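# Commentary on secondary and tertiary structure
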Amino acid sequence: MSFPLLLRRSFSTSIRCSYRTKNIPEDIVAEALTTQPTRRGRSEDIQGIKNIKPEAEPQIASTPKSVGKRKPRKANIPLPVNRIDLPPRSTWRNYFPTSGMAFKSRISIANPETAALVADSFVPSGSRDKVIVEAYPGPGALTRALMQLPKERIRKIIVLEDVEQYLNFLNPLQEADSRVQVLPMNGFSWDTYHQLDVQGFLDDVENIPWNQSNPYLHFISHLPMDVLGEQLLAQLLRCAPEQSWLFKYGRISMSYLMHDWVWDRISASPEHQARCKLSVIAQAVSEFNHTIDPQLLVPYNNHFYPDATNPAYSLKTENRRRGTPFIAGTFRPLEHQIIQPGMLDKWDYCLRKLFVLKSTPLKDAVGHLAPGSDALKAYLAGDDVPPDQRTDMTKSIRKMSVEDWAAVVGAFDRWPFAPEELLITDSFSRDDRI
């Protein structure tokens, strides 16, 4: 039997430590201290070396190697005195880094004309006295465009941003316009929205019954391009059936700037290859549309920051995504929610369990929900089910409609042997979810 490497090394170490130390004669020690071996093996008297006066070293002109030489650190560039206006885009790299955890997933609108177009599409003519909660504003080009809309449209703008480099250019806005309140908080955190309530920032927002849309509160955000960005959208959509988060004020609108590949996943029909769990949830709880023609936001470099990275020169995911087209869209919660209050965890469970078998017919996949869940076939398409209410069990998971999913989750809920511990869920913990 051979021992693992670490064990064998520890054994050999203990054996070497057990050897006794040899007694070396003092005259040999003294001789070793007064002599020094040279490169050719000769010994010279160290005392003699000490008496030699050092000569000046000859000045040799040499060219430093450029290969592998570290570039000098860029000197800190002072912030502009005027930060109410953004600096020219050509200088943004001096103030807004593009790498590091806080920046690598952030895309910001940079063209003032584009920002004005997007702002007008999010808060169009006819809007009155809106309170805007804006998350992930970045340097604030869209924030400034919202400020420049006719004042009767917007009563207050609450800006949520916790990155210092962005705050340098956001904080001056609240000094320039009393409607703007900049809070150094993260738009992803549950506690941020709790603090909006606790500190009274939304005390003047009117509660509107769910059977009417709330025209006075509006959430706006750039969607980060990493997985947290998609999670943010998914979590906010999941708040609609429970009427939690900002939806406790009623059916408020949410407007986003996001990558078109995220939009494709959200809007994918049952016949589309991109259909996924996010598609089902988004279509079950909301209606949504582009607010401007996506062609007005291309090419990417004309409208957004940082510049696109050629995928051929980078293997980093964030760089390969940087430069893909963006869209502007608005989501409005449906009045009649197909996901009933208290059923969200069961929807999440069924979606997660079945979408791993997205090409499998429902009749073959339903048994993977839990041990014995083949019994759900009788709930969905048994003889006791009226013909016009039966679920098509031959459909593949990806091709199921929202109504099909409602039938599956309803059957799962009625099944007496359904598991009670639904460990597979898209919900965050209470401390982190929103």
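Just so it is clear, the model here is predicted, and its values are computed rather than measured.

The side chains of a regular strand alternate between both faces of the sheet. The element strand S7 (residues 213-222) is extensively covered by neighbouring structure, given that 7 of its 10 residues are classed as buried. When strand S4 (residues 130-135) meets S7, the two strands line up parallel, connected through 5 bridges. Residue pairing for S7: isoleucine 132 is matched across the bridge by histidine 218. Relative to strand S8 (residues 251-259), S7 runs parallel, the two sharing 6 bridges. Looking at S8, one finds that histidine 218 is bridged to serine 253. The β-α-β motif built from S7, the intervening helix H8 (residues 227-242) and the parallel element S8 has right-handed crossover chirality.

The next point concerns the confidence of the model for the protein. Of the residues in the protein, 77% have a pLDDT of 70 or more, and the chain-wide mean is 84. In this model residues 32-73 is a low-confidence stretch, pLDDT under 50, and it forms 14 contacts with partners more than four residues away in sequence or in other chains. Predicted confidence is poor over residues 425-434, with pLDDT under 50, and the contacts of this stretch with residues over four places away or in other chains come to 32 contacts.

Let us look at the pattern of salt bridges. On inspection of all chains with the given rule, the structure shows 14 salt bridges. Among the ionic pairs, aspartate 177 bridges to lysine 151, the shortest N-O distance being 3.9 Å. Here aspartate 177 is found in the loop between helix H6 (164-176) and strand S6 (180-183), whereas its partner lysine 151 is found in the loop between helix H5 (141-147) and strand S5 (154-160), with 26 residues between them in sequence. We classify aspartate 177 as buried; its relative accessible area is 10%. Look at lysine 151 and you get exposed, because its relative accessible area is 54%. Aspartate 204 is paired through a salt bridge with arginine 155; the nearest N and O atoms lie 2.8 Å apart. With a gap of 49 residues between them, aspartate 204 in the loop between helix H7 (190-198) and S7 and arginine 155 in strand S5 connect regions that are remote in the sequence. Taking relative accessible area as the criterion, aspartate 204 reaches 38% and is therefore assigned partly exposed. Residue classification places arginine 155 among the partly exposed positions, given a relative accessible area of 30%.

The next thing to look at is the side chain of serine 401. Looking at the element boundaries, serine 401 is found in the loop between helix H14 (376-381) and helix H15 (402-414). Ignoring any residue separated from it by four or fewer positions in sequence, one finds serine 401 in contact with Pro270, Arg275 and Lys395.

Attention now goes to the sheet that holds S8. Strands sit in the order S6-S5-S4-S7-S8-S11-S9 across an open sheet of 7 strands; the sheet is mixed. Looking along the sheet, the strands with just one partner apiece sit at the ends: S6 and strand S9 (286-290). The sheet shows a mean angle of 20° between the axes of neighbouring strands, direction not considered. Pairing geometry for S9 and strand S11 (residues 326-333), over 5 bridges, is antiparallel. By the bridge assignment for S11, asparagine 289 is matched with threonine 330. Along the sheet face, helix H4 (residues 112-122) touches S7, S8 and S11 and points at about 155° away from the line of S8. The strands touched by helix H9 (residues 260-267) within the sheet are S8, S9 and S11, with S8 carrying the most contacts at an inclination of about 130°.

So, about the packing of aromatic side chains. For the structure on display, the rule yields 22 aromatic pairs. With 4.6 Å between their ring centres and 35° between their planes, phenylalanine 304 and phenylalanine 326 make a pair best called tilted. Of this pair, phenylalanine 304 sits in strand S10 (residues 304-305) while phenylalanine 326 sits in strand S11, and the two are 22 residues apart along the sequence. Looking at phenylalanine 304, the relative accessible area reads 0%, which means it is buried. Put simply, the rings of Tyr193, Phe219, Trp245, Phe247, Tyr256, Trp263, Phe288 and Phe331 touch in pairs and so form one group of aromatic residues.

Here we take up the nonpolar core. Judged by nonpolar contacts, the single largest core of 73 residues is most densely connected at Val133, Leu202, Phe219, Trp245 and Met258. When sequence neighbours within four positions are dropped, the list of residues in contact with methionine 258 reads Leu223, Leu233, Trp263, Ile266, Pro325, Phe326, Ile327 and Phe331. One finds Trp92, Val182, Leu257 and Phe326 within the second-largest nonpolar core, a separate group that totals 40 residues.

Another aspect to go through is the side chain of arginine 153. Mapped onto the secondary structure, arginine 153 falls in the loop between H5 and S5. Judged by relative accessible area, arginine 153 falls into the buried class, the value being 10%. Apart from residues lying up to four places away in sequence, arginine 153 is in contact with Asp120, Val123, Pro124, Ser125, Ser127, Arg128, Asp129 and Lys130.

Calculation notes
Residues numbered from 1 in each chain as written. Predicted model: local features only at pLDDT ≥ 70, side-chain atom pairs only at ≥ 80, totals over all residues. Heavy atoms only, no water. Buried < 20%, exposed > 50% of the residue type's maximum accessible area, 1.4 Å probe, protein only. Helix = DSSP H or I, 4+ residues; strand = E, 2+ residues; numbered from the N terminus. Pairing = 2+ DSSP bridges. Right-handed = clockwise from strand over helix to strand, strands pointing away. pLDDT = per-residue confidence, 0-100. Contact = heavy atoms within 4.5 Å. Salt bridge = Lys/Arg side-chain N within 4 Å of Asp/Glu carboxyl O. Axes fitted to C-alpha atoms, helices over the stretch in contact; angles between N-to-C directions. Phe/Tyr/Trp six-rings, centres within 6.5 Å; stacked < 30°, edge-to-face > 60°. Core = buried A, V, L, I, M, F, W, Y, C linked by side-chain atoms within 4.5 Å.

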